[in-house]
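Residue-level structure breakdown
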Amino acid sequence: MKSKDKNINHQENAWWFILAQGEIVLQPQGSFVPYGCLDDLTFSAQLVADKIKIGDYQSSPCYLVELPEKLDVGLGEYSQLRSLLGTVDDALFDMAGRAFQISLFYKTHQFCGQCGQKMQAINWETAMKCYHCQHRTYPRVSPCIIVGIRKEKQILLALHQRHKKDNRPVYTTLAGFTEAGETLETCVEREVYEESGIKIKNIQYVTSQPWPFPHSLMMGFTAEYRDGNISIDPKELCSAAWYDIDDLPVLPNPGTLARKLIDKLIDQCS
Ligand SMILES: [Zn+2]
């Protein structure tokens, strides 16, 4: 994949992921992400001189355009990436997340972590290379696990410290980052034990979801209770308890991976 695409085709219909100062230009309705050719968009070709192709969506190319500040491009308002969550389909959200991750990658890898010299973008893949010591870097992806746990007709749900001040606090599954040298299965067992004090069995992989805040890849599992009593890690959780599937608290929004896992556990109970 080319890192910078200097060729400008004014008639090519494309998706435009225009980022500035941590926000993205979104249109107020429709598909939200601006779509069209440069001739129709009244969008300065000068601004897209350094556009980066990040993939394709619905058979049209997707371009990342990074602006130095929130210039008015006449296509919509600058918005948080989170405002797209659950608003557009998963593939378009994931592409927007990819735009943010690639933007962050280029901004944070200007200099070599090994020798300190200036890095340069490689023109045939998404990577930065130091031509002084040959060190090469790629966009960082941080694997993390998220796991829904069932005990007969009950589900383990926790109130996380980060949600406790929300107006309607959400009760959700356990999650944590994978450590260096650890398998996903070991990570699931460790995180559950560290955060809740319980041991689990029958760990099953379900699905994954890129989570670009800022560069996680969440891998979702279900598991069943094996033994132990709930004993929370107060640094991570405010509370954790077994909830009957007929009497569940406020759950994460549909579309989130946590909710998919909880719904899968509910299905298993019925
Ligand atoms: Zn170097």
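Residues numbered from 1 in each chain as written. Predicted model: local features only at pLDDT ≥ 70, side-chain atom pairs only at ≥ 80, totals over all residues. Heavy atoms only, no water.

This part takes up the domain arrangement of the protein. How big an interface is tends to be stated in terms of the accessible area lost upon association of its parts. Splitting the protein by domain gives domain 1 (14-108), domain 2 (109-140) and domain 3 (142-269). Each partner contributes residues to the interface: domain 1 has seven residues there, and domain 2 has 10 residues. Across the interface of domain 1 and domain 2, roughly 670 Å² is buried in total on both sides, 58% from carbon and sulfur atoms. When residues of domain 1 are sorted by the area they lose upon contact with domain 2, F105, Y106 and T108 head the list and together hold 78% of the total. At the surface where domain 1 touches domain 2, the tally comes to zero salt bridges. Linking domain 1 with domain 2 are three residue pairs in polar contact (both at pLDDT 80 or more), by the criterion used here. Taken together, the residues of the side of domain 1 that touches domain 2 sort by class into three nonpolar, two polar and two charged. (Domains from an automatic or database assignment. Contact = heavy atoms within 4.5 Å. Buried area = accessible area lost by both parts, 1.4 Å probe. Salt bridge = Lys/Arg side-chain N within 4 Å of Asp/Glu carboxyl O. Polar contact = N/O pair within 3.5 Å; in protein donor to acceptor, adjacent residues only side chain to side chain. Nonpolar A, V, L, I, M, F, W, Y, C, P; charged D, E, K, R; others polar.)

Another aspect to go through is the coordination of the zinc ion. Taken together, C112 (SG), C115 (SG), C130 (SG) and C133 (SG) make up the protein donors of the zinc ion, found 2.3 Å from the metal. Seen from the zinc ion, its four donor atoms lie at angles of 100 to 115°, and the figure they make is tetrahedral. Mapped onto the polypeptide sequence, the residues donating to the zinc ion form the spacing pattern C-x2-C-x14-C-x2-C. Assessed through its relative accessible area of 6%, C112 is described here as buried. (Donors = N, O, S within 2.8 Å, 3.2 Å for Na, K, Ca; no water. Tetrahedral: all angles 85-135°; square planar, octahedral: opposite > 155°, others 65-115°. Buried < 20%, exposed > 50% of the residue type's maximum accessible area, 1.4 Å probe, protein only.)

The end-to-end C-alpha distance of helix 4 (residues 257-269) is 19 Å, a good match for the 18 Å that 13 residues give at a rise of 1.5 Å each. L257, A258, L261, I262, L265 and C269 are the residues of helix 4 that are buried. The buried side chains of helix 4 occupy one side of the element, clustering within an arc of 140° when seen end-on. Buried residues along helix 4 sit in contact with strand 10 (142-151), strand 11 (154-160), strand 13 (199-211) and strand 14 (216-227). (Helix = DSSP H or I, 4+ residues; strand = E, 2+ residues; numbered from the N terminus. Expected span 1.5 Å × (residues − 1). Arc of directions from axis to C-beta.)

Quick look at the packing of aromatic side chains now. For the structure on display, the rule yields eight aromatic pairs. Note on W15 and Y35: the rings are 4.6 Å apart at their centroids and 50° apart in plane angle, and the pair reads as tilted. On the criterion of sequence distance, the pair formed by W15 in strand 1 (residues 14-20) and Y35 in strand 3 (residues 35-36) is long-range, its members being 20 residues apart. In this structure Y35 comes out as partly exposed when scored by relative accessible area, which is 36%. Residues F105 and Y106 carry aromatic rings whose centres are separated by 5.2 Å and whose planes lie at 55° to one another, so their mutual orientation is tilted. Summarising the burial analysis for this pair, F105 and Y106 share the class buried. Through a chain of ring-to-ring contacts, three or more aromatic side chains come together here, namely W15, Y35 and Y57. The side chain of K118 reaches across the aromatic face of F111, ending 5.0 Å from its centre. (Phe/Tyr/Trp six-rings, centres within 6.5 Å; stacked < 30°, edge-to-face > 60°. Lys NZ or Arg CZ within 6 Å of the ring centre and 35° of its normal.)

Take the pattern of salt bridges next. Within the structure shown, the criterion is met by 13 salt bridges. Note that E224 and R150 form a salt bridge whose closest N and O atoms lie 3.9 Å from each other. Of this pair, E224 sits in strand 14 while R150 sits in strand 10; the two residues are 74 residues apart in sequence, bridging distant segments of the chain. Residue R226 is joined to D227 by a salt bridge in which the shortest nitrogen-to-oxygen separation is 3.9 Å. Taking relative accessible area as the criterion, R226 reaches 41% and is therefore assigned partly exposed. Overlapping salt bridges, with partners in common, bring together E179, E182, R190, E191 and E194 in one network.

Before going further, it helps to spend a moment on the side chain of E125. With respect to the secondary-structure elements, E125 resides in the loop between strand 7 (120-121) and strand 8 (128-129). Reaching out from E125, the side chain makes a polar contact with the side chain of R136 at a distance of 2.7 Å.

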